[in-house]
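Single-letter residue listing:
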Amino acid sequence: MLPDNCPFCPGSSEIDSSLDVQIIPNRFPPYTLSAGGGTPPFSIPAYGVSEIVIESLNHNTDFSEFGLEHALKVVRTTLERMRQLQEDPKIKYVHFFRNRGRSGGVSITHPHSQIFALPFVPPRIAKETEHLNGHRCALCKANTLPDHAERVVLSRGEVVVYVPYAPRTPYELIIQPTHTRYLWDLGSAQSVDLVYALLLALKLLDRTLGDETVYTLTFHNSPKEAEDFHAHVELIPVITDRRRVRFSRGLERSSGSYLLDTLPEDKAHELRTNLEELVRINLS
Ligand SMILES: [Zn+2]
Ligand SMILES: [Zn+2]
Ligand SMILES: [Zn+2]
């Protein structure tokens, strides 16, 4: 499809054609610095910042096709902006996500992702904060479980990519660096390993689930006011093919619990097998 009238392509008044990675205001911002109102305790003003990361000037590339250097630039630019945004004392958490696929909620196909600086800590992050601190950190502990290797898909330096013990969808992946509160605090070598692992994981999902896997990618950093946290990346594929997986949306919607008929160890094994093929093709 030609990128007619794409607001994120060069030529659009919102885009600086001299920058191959840029962050622009969201045209339809759910959170703004001028927000007022709210009825505590039911609602608070939607104070915050809503921005779009334009990951490339090229409409028809996908993040998974970026070279390592460009992907690293996109991630570093994003993380630096997130770090800046959380300096506002009224901001409690800066959230990032990237969707792929129209059924994943994407309305514009130009490669982009979203940043929301929020006046609250989202419930999932608050829940994670209870479990990802200090010597009780569940992510660090996952690495030491005797059968962890069965769930690991790949590793690069100190970065490990694995199917979590209790995934919400089959093929869900955690990309886990060493215990650090914020991804922007990772050393340069580990940042490179993280982005390398992310690119490989995205290619691997496409190889396993079909060319245009629908997914949500998110960076989870520490809430500002938390004592500790283990920053990580989550890659959550959206699988709607009932031949591939049976699931109970009713249970999920009504209780917040997930029910899968697959074992994380089996999915990790499948992904490892596909990774071997992927590497063989890339080398041959
Ligand atoms: Zn475009
Ligand atoms: Zn940890
Ligand atoms: Zn998380």
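This one's a predicted model, so the numbers in the text were calculated from it and none came from an experiment. (Residues numbered from 1 in each chain as written. Chains lettered and ligands numbered in written order. Predicted model: local features only at pLDDT ≥ 70, side-chain atom pairs only at ≥ 80, totals over all residues.)

Asker: What am I meant to see in the overall build of the chain here?
Answerer: Helix and strand counts for the chain stand at 6 helices and 9 strands. Relative to the compact-globule value of 19 Å for 284 residues, the chain shows a C-alpha radius of gyration of 19 Å, a close match. The proportion of buried residues among the 284 residues of the chain is 31%. Across the chain, the fraction of contacts at a sequence separation of at least 24, relative to all contacts at a separation of at least 6, is 67%. (Helix = DSSP H or I, 4+ residues; strand = E, 2+ residues; numbered from the N terminus. Rg over C-alpha atoms; globule rule 2.2 N^0.38 Å. Buried ≥ 20, exposed ≤ 12 C-beta atoms within 10 Å, placed from the backbone. Contact = placed C-beta atoms within 7 Å.)

Asker: How should I be thinking about unusual backbone geometry in this particular structure?
Answerer: Excluding glycine, residues mostly carry a negative phi; peptide bonds, for their part, are mostly trans. Following P40, the chain continues into P41 via a peptide bond in cis, with omega recorded as 5 degrees. Structurally, P41 can be placed in the loop between β1 (22–25) and β2 (49–54). Positive phi, normally seen in glycine, also occurs at Y171, with a value near 70 degrees. Note that Y171 resides in the loop between β6 (159–162) and β7 (173–176). Judged by local crowding, Y171 falls into the buried class, with 26 C-beta atoms found within 10 Å.

Asker: It is not clear to me how the pairing of strand β8 (residues 215–220) should be interpreted in this structure. Could you clarify?
Answerer: Every other side chain in a regular strand lies on the same face of the sheet, so the side chains alternate between the two faces. Summarising the sheet, strand β3 (residues 93–100) and β8 pair through 5 bridges and their orientation is antiparallel. Pairing of N99 across the sheet is with T216, part of β8. Where β8 and strand β9 (residues 232–237) come together, 6 bridges link them in antiparallel fashion. Each residue of the ladder has a partner; that of L217, found in β9, is L235. (Pairing = 2+ DSSP bridges.)

Asker: Could you clarify how one ought to interpret helix α4 (residues 188–209) in this entry?
Answerer: Within an α-helix, residues lying three or four positions from one another point in the same direction, as the helix has 3.6 residues per turn. In a regular helix each residue adds 1.5 Å, so 22 residues correspond to 32 Å; α4 covers 32 Å between its end C-alpha atoms and thus fits that length. Buried within α4 we find D193, L194, V195, A197, L198, L200, A201, L202, L204, L205 and D206. Phi for G210, located one or two positions after α4, is positive at around 110 degrees. (Expected span 1.5 Å × (residues − 1).)

Asker: Would you explain the pairing of β3 in this entry?
Answerer: Among the 8 residues that make up β3, 6 are buried, leaving the element largely enclosed by the rest of the structure. The pairing of β3 with strand β4 (residues 112–118) spans 5 bridges and is classified as antiparallel. Residue F97 lies in a different strand from β4, and its bridge partner there is Q114.

Asker: Could you clarify how one ought to interpret the sheet that holds β7 in this entry?
Answerer: For sheets, the rule is that strands pair by backbone hydrogen bonds, running either parallel or antiparallel. Reading across the sheet, the 9 strands line up as β1-β2-β4-β3-β8-β9-β7-β6-β5 and stay open at both edges, with antiparallel pairing between neighbours. The open sheet terminates on both sides in strands that have one partner only, identified here as β1 and β5 (152–156). In this sheet, adjacent strand axes meet at a mean angle of 20 degrees when their direction is disregarded. Along the sheet, helix α1 (residues 68–85) makes contact with β1, β2, β3 and β4, crossing β4 at roughly 15 degrees. (Axes fitted to C-alpha atoms, helices over the stretch in contact; angles between N-to-C directions.)

Asker: Would you mind going over the environment of A201 with me for this structure?
Answerer: Tracing the backbone shows A201 in helix α4. Counting along the chain gives 31 residues from A201 to H232, while the straight-line C-alpha distance between them is 14 Å. When neighbours within four sequence positions are excluded, A201 is seen to be in contact with V161, L173, I175 and L235.

Asker: Can you walk me through the packing of α1 against α4 in this structure?
Answerer: Look at α1 against α4: their axes get within 10 Å of each other, and the N-to-C directions meet at 110 degrees. The angle between α1 and α4 places the two elements in the roughly perpendicular class. You can see that α1 and α4 cross each other, and the crossing is right-handed. Here α1 contributes L68, A71, L72 and V75 to the contact with α4, which in turn contributes S191, V192, V195, Y196 and L199. The residue inventory of the contact of α1 with α4, partitioned by class, reads 8 nonpolar, 1 polar and no charged. (Parallel < 35°, antiparallel > 145°, perpendicular 65-115°, else oblique. Left-handed = near helix turned anticlockwise from the far one by under 90°. Nonpolar A, V, L, I, M, F, W, Y, C, P; charged D, E, K, R; others polar.)

Asker: What is the right way to read the nonpolar core from this model?
Answerer: A general trend in soluble globular proteins is that nonpolar side chains are found buried together. Ranked by internal contacts, the top residues of the largest apolar core, which has 55 residues, are V161, L173, I175, A197 and A201. With 9 residues, the single largest contributor to this core is α4. Setting aside residues up to four positions removed in sequence, V161 forms contacts with V153, L154, S155, L173, I175, A197 and A201. (Core = buried A, V, L, I, M, F, W, Y, C linked by C-beta atoms within 7 Å.)

Asker: Looking at this model, I keep getting lost on α1. Mind explaining?
Answerer: For α1, which comprises 18 residues, the first-to-last C-alpha distance of 26 Å matches the rise-based estimate of 26 Å (1.5 Å per residue) to within 8%. Inspection of α1 places A71, V74, V75, T78, L79, M82 and L85 among the buried residues, and these make up the whole buried set. When α1 is viewed along its axis, its buried side chains cluster within an angular range of 125 degrees and face the same direction. In α1, the exposed positions that point more than 90 degrees away from the buried face belong to E69 and E80. On its buried face, α1 sits against β2, β3, β4 and α4. (Arc of directions from axis to C-beta.)

Any functional reading would require information that these geometric values do not contain.
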